[in-house]
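Coordinate analysis (summary)
Here is how the chains run, residue by residue.
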Amino acid sequence: MEMTSVSLKRGCLVVEDNDSVTPHEETKKQKVSEGCVTNSPDGVESDSLHSSETKPGPPEAESTLKDGENSGAQVQEEEEEEEEEDGLSEAGEEEEPESFADMMKHGLTELDVGITKFVSPHQGFSGILKERYSDFVVHEIGKDGRISHLDDLSVPVDEEDPPEDALTVLTAEDRQQLEELQLFKNKETSVAIEVIEDTKEKRTIIHQAIKSLFPGLETKTEEREGKRYIVAYHAAGKKALAKVRAAADPRKHSWPKSRGSYCHFVLYKENKDTMDAINVLSKYLRVKPNIFSYMGTKDKRAITVQEIAVLKISAQRLAHLNKCLMNFKLGNFSYQKTPLKLGELQGNHFTVVLRNITGTDEQVQQAMHSLQQTGFINYYGMQRFGTTAVPTYQVGRAILQNSWTEVMDLILKPRSGAEKGYLVKCREEWAKTKDPASALKKLPVKRCVEGQLLRGLSKYGLKNIVSAFGIIPRNNRLMYIHSYQSYVWNSMVSRRIELYGLKPVPGDLVLKGATATYIEEDDINNYSIHDVVMPLPGFDVIYPKHKISEAYREMLAADNLDIDNMRHTIRDYSLSGAYRKIIIRPQSVSWEVVAYDDPKIPLFNTDVDNLEGKPPPVFASEGRYRALKMDFSLPPSTYATMAIREVLKMDTSIKNQTQLNTSWLR
């Protein structure tokens, strides 16, 4: 999903992106209740692309899953297993509004990335998006066209499941010892668990718990010195264990044959992105994240509801996590034969609150009617391009030009903008010494793009930048090139609308199936502006047959790129191109203007509120503030902030929004 949002976080505007080719995660403490199956109360850390190069806003301790693929240089880099401290404190994550606003004076504006036009004539007004993350709610639209809601926490009845008590009867120490026994990590041949409440029912539950959670172990009851114990042991030694461990999931052999292999469920989460959530779930379930599947990644600074599938984990075990974790709810469980696949979703439904709006009721009505009837320009949003004085599209352009020294300098050189202090020191050290090892020492978090590049330069030397750059996960590297394509596309669409307006003209492109064809003169009445597409530059696309074709050629030529030869010497960086509609008309659009006095009160109910039976908010006829609550659905690869931009007629860049909101905060 390509969805963006501008958020106000304790005085700082943050832009989040669901389009990012790499999921972001940050380590967070989780609330642990007694009886949860877990090794650690913490989240999971892994490789990161620092927010200075991806999601604008005050950088946080972000990370991504390891990609494992490298550049066309085919560098094979072993993943580091080193322990790192991120060196961040909660207090260190926040900036004073004035300080952040000052940093953002050097940030990008919409004009810098080709976003210049609007489609509607209404007068704009101001408002604050994401003053609270709960002001932005995303519900996934599945492949069947239904909006995903969390409205049922019940677990499917299954005689194969152990009783509920089986998940809580073992202590954390018991589980630790049993896991070590199962994996032959200690010298013991068995683990004995004393039965405190010596009843047959209690003993049965302990037997079931061990066999359910630790396949490969058998149990028996023994008496020792007048006390009763349940003893766990290996029934068939290491050969049996090897078979268990070879499976994608160690519980595979005990899964009922009559049940679908995948448990599908609806995941409700607050202020967590999708991969962050999956890493937390996998940590608590003691499984690898790759047994989870989903149709699209979702924003962090929002409340999001989406469908997830997991291989051979029972609904009962998943439902137990509701007692363990904050900011998560799992429900609507079902067993299916197939996993989910990226891109299968039909879109996303948004419920958005714009607080403290200044527009009159008439202005709001005009704006929302235009959004409903005409739509908005399908620009790539600001977070596609970064927040600092070095936009990501500049790095992408340098890659396409084969200017590898420039790629290195653009990523590592000092720049103005919102960055963590340790990254600033790293850049200063690089500028002073050009010594990758010395600059790397300034980074407490080495799994950001800067750290990965410096590690590559330390290994391969400054004369082999291609190989050094290849250490960065593939998707992160391609993000730079996609950013350049997005920059060109935005600029060309603005030019197309400037020259030809909001109507199809001969020479425009439309899609027939997946194939682009030209609109001919005698065909013009069969199409509307909502059918017209424009190409992202590449070797496998055609360009419009009017003045915009030459505009593409001139823009790329100015960047020393040949539009007729978009194949790169390194295969990874060859651009095939794609097509994208220039105008998107949201579906299921509705809106309401409400008055409120308390900026902290929620202005609508979430799925969890409804599950808990909370009454919907009651609004007064008068209030200190007014808010616009809007609902709409968008297809995949569409930025919600661009829809909101059209309503407000405001620059959505962090630079502009920070200045606006800093004055409002005062």
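Residues numbered from 1 in each chain as written. Predicted model: local features only at pLDDT ≥ 70, side-chain atom pairs only at ≥ 80, totals over all residues. Heavy atoms only, no water.

Labelled according to an unreviewed UniProt entry, the protein appears under the name Pseudouridylate synthase 7 homolog, originating from Rattus norvegicus. UniProt annotates the protein under Sequence similarities (unreviewed entry) with the comment "Belongs to the pseudouridine synthase TruD family." (UniProt positions renumbered as here; feature names shortened; annotations may be inferred.)

**Here we look at the overall build of the protein**
Check the secondary structure of the protein and you find 18 helices and 20 strands. Counting over 666 residues, the protein shows a buried share of 57%. Within the protein, residue pairs in contact and separated by at least 24 positions form 78% of the contacts whose partners lie at least 6 positions apart. Looking at the protein as shown, the accessible area adds up to about 28400 Å², and 47% of this sits on carbon and sulfur atoms. (Helix = DSSP H or I, 4+ residues; strand = E, 2+ residues; numbered from the N terminus. Buried < 20%, exposed > 50% of the residue type's maximum accessible area, 1.4 Å probe, protein only. Contact = heavy atoms within 4.5 Å. Areas by Shrake-Rupley, 256 points an atom, 1.4 Å probe, with all protein chains shown as cover.)

**Here we look at the packing of aromatic side chains**
Inspection of every chain in the model, using the stated rule, returns 14 aromatic pairs. Measuring from centroid to centroid gives 5.9 Å for Phe136 and Phe350, while their planes differ by 70°, and the two rings are edge-to-face. Here the residue Phe136 occupies a position in strand S4 (residues 136-141), and Phe350 occupies one in strand S12 (residues 347-355), the gap between them amounting to 214 residues. Look at Phe469 and Tyr480: their rings are 6.4 Å apart centre to centre, the planes differ by 40°, and that puts the pair in the tilted class. Taken together, the residues span a long stretch of sequence, with Phe469 in helix H13 (residues 465-469) and Tyr480 in helix H14 (residues 474-500) at a distance of eleven residues. No difference in accessibility class separates Phe469 from Tyr480, as the two residues are buried. Looking at Lys220, its charged tip hangs above the ring of Tyr233, at a distance of 5.2 Å from the centre. (Phe/Tyr/Trp six-rings, centres within 6.5 Å; stacked < 30°, edge-to-face > 60°. Lys NZ or Arg CZ within 6 Å of the ring centre and 35° of its normal.)

**Re the packing of helix H9 (residues 404-412) against helix H12 (residues 449-460)**
Across the interface, H9 lies against H12 with an axial gap of 10 Å and an inter-helix angle of 135°. When the axis of H9 is compared with that of H12, the two are oblique. Where H9 crosses over H12, the two elements pack in a sense that is left-handed. In this structure, H9 contributes Met408, Ile411 and Leu412 to the contact, and H12 contributes Val449, Glu450, Leu453, Leu454 and Leu457. (Axes fitted to C-alpha atoms, helices over the stretch in contact; angles between N-to-C directions. Parallel < 35°, antiparallel > 145°, perpendicular 65-115°, else oblique. Left-handed = near helix turned anticlockwise from the far one by under 90°.)

**Observations concerning unusual backbone geometry**
Note: most residues except glycine have negative phi, and most peptide bonds are trans. The phi torsion at Lys434 lies on the positive side, around 55°, for a residue other than glycine. Overall, the relative accessible area of 38% leaves Lys434 in the partly exposed class. Positive phi values are uncommon outside glycine, yet Ser637 reaches one of about 60°. Positionally, Ser637 belongs in the loop between strand S20 (625-634) and helix H17 (640-648).

**Points about the pattern of salt bridges**
Here the structure, examined in full by the defined rule, presents 22 salt bridges. Notably, a salt bridge pairs Glu498 with Lys117, separated by 3.6 Å at the nearest N-O pair. On the criterion of sequence distance, the pair formed by Glu498 in helix H14 and Lys117 in the loop between helix H1 (97-103) and strand S3 (128-129) is long-range, its members being 381 residues apart. Judged by relative accessible area, which is 47%, Glu498 ranks as partly exposed. Under the relative-accessibility criterion, Lys117 is labelled partly exposed at 24%. One salt bridge connects Arg496 with Asp508, and the closest N-O pair in it is separated by 2.8 Å. Placement of Arg496 in helix H14 and of Asp508 in the loop between H14 and strand S14 (509-512) is noted, with a sequence separation of twelve residues between them. (Salt bridge = Lys/Arg side-chain N within 4 Å of Asp/Glu carboxyl O.)

**Quick word on the sheet that holds strand S17 (residues 578-581)**
Spatially, four strands are ordered S15-S14-S16-S17 in an open sheet, and the strand pairing comes out antiparallel. In this open sheet, the two strands that pair with only one neighbour each are strand S15 (515-518) and S17. Strand-to-strand twist in this sheet, taken as the mean axis angle between neighbours without regard to direction, amounts to 55°. Here strand S16 (residues 532-536) pairs with S17 via four bridges, running antiparallel. When the bridges of S17 are listed, Pro535 appears paired with Tyr579. Across the sheet, H14 lies against S16 and S17, angled at about 145° from S16, the strand it touches most. (Pairing = 2+ DSSP bridges.)

**Description of the sheet that holds strand S6 (residues 217-224)**
Here three strands make up an open sheet; going across it, the order is S5-S7-S6 and the pairing antiparallel. The sheet is open, and its two edges are formed by strand S5 (190-194) and S6, each paired on a single side. The mean inter-strand angle of the sheet, taken between neighbouring strand axes irrespective of direction, is 25°. Across the face of the sheet, helix H2 (residues 172-182) comes into contact with S5, S6 and strand S7 (227-234) while running at roughly 160° to S5.

**What to know about the confidence of the model for the protein**
Looking at the protein as a whole, the pLDDT averages 78, with 77% of positions reaching at least 70. Counting interchain partners and residues more than four positions distant, the pLDDT-below-50 stretch residues 1-101 has 354 contacts. When the criterion is pLDDT under 50, residues 662-666 qualifies, and its contacts beyond four places in sequence or with other chains add up to eleven contacts. (pLDDT = per-residue confidence, 0-100.)

**With respect to the pairing of S15**
Look at any regular strand and the pattern is simple: side chains alternate between the two faces of the sheet. The pairing of S14 with S15 spans four bridges and is antiparallel. Across the sheet, residue Val510 finds its bridge partner in S15, namely Thr517. Taking the residues between adjacent antiparallel strands as the criterion, S14 and S15 are bridged by two residues, where Gly513 takes a positive phi near 70°.

**Quick look at the environment of Gln587**
Residue placement: Gln587 occurs in strand S19 (residues 587-596). Apart from residues no more than four positions distant in its own chain, Gln587 is found in contact with Phe632 and Ser633. At 3.2 Å, the side chain of Gln587 and the backbone oxygen of Arg585 are in polar contact. (Polar contact = N/O pair within 3.5 Å; in protein donor to acceptor, adjacent residues only side chain to side chain.)

**Digging into the side chain of Thr274**
Among the structural elements, Thr274 can be located in helix H5 (residues 274-285). Separated by 2.7 Å, the side chain of Thr274 and the backbone nitrogen of Lys298 make a polar contact. Apart from the residues within four sequence positions on either side, Thr274 is in contact with Lys269, Tyr294, Gly296, Thr297, Lys298 and Gln306.

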